[in-house]
Amino acid sequence: AGRHTNRAGIRKMSENSLQNNVLTSLIRKAPPAILSAIKQASARTGVDFAYLVEKAAAESSFRPAVKSATSSASGLFQFIESTWMQMVRDHGAKYG
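The structure displayed is predicted, hence computed values, not measured ones.

## Focus: the overall build of the protein chain
Within the protein chain, the regular secondary structure consists of four helices and zero strands. Helices and strands appear in the protein chain in the N-to-C order α-α-α-α. Expressed as a percentage of the 96 residues in the protein chain, the buried residues total 20%. Contacts in the protein chain between residues far apart in sequence, at least 24 positions, make up 31% of those at least 6 positions apart. Of the roughly 7,100 Å² of accessible surface on the protein chain, a fraction of 56% belongs to carbon and sulfur atoms.

## Notes on a nonpolar patch on the surface
Among the surface-exposed residues, W84, M85, M87 and V88 lie close enough to one another that they form a single nonpolar patch of about 360 Å² accessible area. Position of W84 among the secondary structure elements: in helix α4 (residues 81-95). By relative accessible area, W84 is classed as partly exposed at 45%.

## Details of the confidence of the model for the protein chain
Looking at the protein chain, the pLDDT average stands at 87 and 81% of residues meet or exceed 70. Helix α3 (residues 49-60) holds the highest mean pLDDT among the elements of the protein chain, 96, whereas helix α1 (residues 2-29) holds the lowest, 71.

## Digging into the layout of surface pockets
A water-sized probe, rolled over the atoms, reveals where empty space remains. What the largest pocket holds in volume is close to 820 Å³. Taken together, 23 residues line the largest pocket, and the ones lying closest to its centre are A41, T45, F77, F79 and W84. Among the residues forming the lining of the largest pocket, the class breakdown is 13 nonpolar, seven polar and three charged.

## Notes on the nonpolar core
L26, I34, I38, V53, A56, F62 and L76 are the most contacted members of the largest nonpolar core, which has 13 residues in total. Every element with two or more residues in this core is listed here: α1, α2 (32-45) and α3. Sort the elements by how many residues they give to this core and α3 lands first, with five residues. Excluding its chain neighbours within four sequence positions, the residues that come into contact with V53 are L23, L26, I27, L35, I38 and F62.

## Focus: the environment of F49
Summarising the element assignment, F49 is placed in helix α3. Along the primary structure F49 and L23 are separated by 26 residues, whereas in three dimensions their C-alpha atoms are 9.7 Å apart. For F49, the residues in contact, after removing those within four places along its chain, are I27, L35, I38, K39 and S42.

## A closer look at the packing of aromatic side chains
Considering all chains together, one arrives at one aromatic pair under this definition. Each ring, one from F79 and one from W84, has its centre 5.1 Å from the other, and the planes form 65°; the classification is edge-to-face.

Cut-offs applied
- Residues numbered from 1 in each chain as written.
- Predicted model: local features only at pLDDT ≥ 70, side-chain atom pairs only at ≥ 80, totals over all residues.
- Heavy atoms only, no water.
- Helix = DSSP H or I, 4+ residues; strand = E, 2+ residues; numbered from the N terminus.
- Buried < 20%, exposed > 50% of the residue type's maximum accessible area, 1.4 Å probe, protein only.
- Contact = heavy atoms within 4.5 Å.
- Areas by Shrake-Rupley, 256 points an atom, 1.4 Å probe, with all protein chains shown as cover.
- Patch = residues over 30% accessible without salt bridge, like charges linked within 9 Å, V, L, I, M, F, W, Y side chains within 5 Å.
- Salt bridge = Lys/Arg side-chain N within 4 Å of Asp/Glu carboxyl O.
- pLDDT = per-residue confidence, 0-100.
- 1 Å grid on protein atoms, 1.4 Å probe; cavity = no way out; pocket = protein on both sides within 12 Å on 5 of 7 lines; lining within 4 Å.
- Points joined across faces, edges and corners; volume = space filled by probe spheres on them.
- Nonpolar A, V, L, I, M, F, W, Y, C, P; charged D, E, K, R; others polar.
- Core = buried A, V, L, I, M, F, W, Y, C linked by side-chain atoms within 4.5 Å.
- Phe/Tyr/Trp six-rings, centres within 6.5 Å; stacked < 30°, edge-to-face > 60°.

Right under this line is the structure:
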């Protein structure tokens with residue numbers, strides 16, 4: 001049982017190391033002002049910082065002014081207009 005537990009622990013450490021390397025790589029690509037805004041959003045909402053960084057990188061390559069050519073999606077996280085308006089209605093008063 002000890003070996004199995006040890007292997008699982010090593011595997012978990014390896015996964016964490018890989019995740020940290022990916023996050024570090026993404027952070028290096030993000031402009032400081034964008035990274036600061038993501039940190040503030042994470043702190044205010046409780047949403048995991050790494051998750052927000054990964055989504056912003058995937059959705060917009062950290063470009064807040066980017067707009068989809070095929071839909072109303074725009075911004076850092078590529079919200080479509082109707083989803084954004086629903087989020088504002090549902091959570092705007094709490095999070096600003």
